[in-house]
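# Secondary and tertiary structure notes
The primary structure of each chain is shown beneath.
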Amino acid sequence: MSEPAVPPPSLPVTWRPRVPRMVAYGFAALVVAGAVIMAIFISEPFKLPDRIAIVAFGVAVAYVLHLLGRVRVDADEQGVTLVNAVRTHRYSWPEVLEVSMTPGEPWPRVDFSDGSTIGAMGIQGSEKERAAQAVAELTALIHERGEAPERP
């Protein structure tokens, strides 16, 4: 097996998208501010419960955007954590077999020893150079920590 081209980063390390994160939280703030302004300036037939419902809807939309903005991939001494929009997955290093990302995919796939494959939303394919660097670093960590040494 060949050595990875990128040296493994020091642990702990977190990979998270920049632009999609800014967009998600920016729109969340805009939606909540818009809902509050709308609730304040809406015409008289609307009463307090209606105004509260408008703000609550804005907060609910902001929460969904938060779920999309919080995605990340954490690696530490014990293993890797994939925080996706709805679920968080924790795996030890020996369970992680490979990470792969072909051009055009929205995020890389991580293969595990139990046969499952999970998308790592914390590494966004839209950030081409950062995504390639993150995949290379995670691959180097998998080779360093997750695999048994080869026999001579």
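Refer to the structure printed above.
Report follows, based on the coordinates. Keep in mind that this is a model prediction, so the values were computed, not measured.

### Comments concerning the sheet that holds strand S3 (residues 79-83)
The strand order across the open sheet built from four strands is S1-S2-S3-S4, with neighbouring strands paired in antiparallel fashion. Across the chains shown, the open sheet's two edge strands, defined by having one partner strand only, are strand S1 (13-15) and strand S4 (88-92). Each adjacent strand pair in this sheet contributes to an overall mean axis angle of 15°, direction not counted. This element, helix H3 (residues 128-146), spans S1, strand S2 (72-75) and S3 of the sheet and lies at about 140° to S1.

### Some details on the pattern of salt bridges
Scanning the entire structure with this criterion turns up seven salt bridges. Lys47 is the partner of Glu44 in a salt bridge, and the nearest nitrogen-oxygen pair spans 3.5 Å. On the basis of relative accessibility, which here comes to 55%, the residue Glu44 falls in the exposed class. Given the relative accessible area of 48%, Lys47 is considered partly exposed. Residue Glu144 pairs with Arg145 through a salt bridge whose shortest N-O separation is 3.3 Å. Within this structure, Glu77, Glu144 and Arg145 form a network of salt bridges that share partners.

Calculation criteria
Residues numbered from 1 in each chain as written. Predicted model: local features only at pLDDT ≥ 70, side-chain atom pairs only at ≥ 80, totals over all residues. Heavy atoms only, no water. Pairing = 2+ DSSP bridges. Helix = DSSP H or I, 4+ residues; strand = E, 2+ residues; numbered from the N terminus. Axes fitted to C-alpha atoms, helices over the stretch in contact; angles between N-to-C directions. Contact = heavy atoms within 4.5 Å. Salt bridge = Lys/Arg side-chain N within 4 Å of Asp/Glu carboxyl O. Buried < 20%, exposed > 50% of the residue type's maximum accessible area, 1.4 Å probe, protein only.

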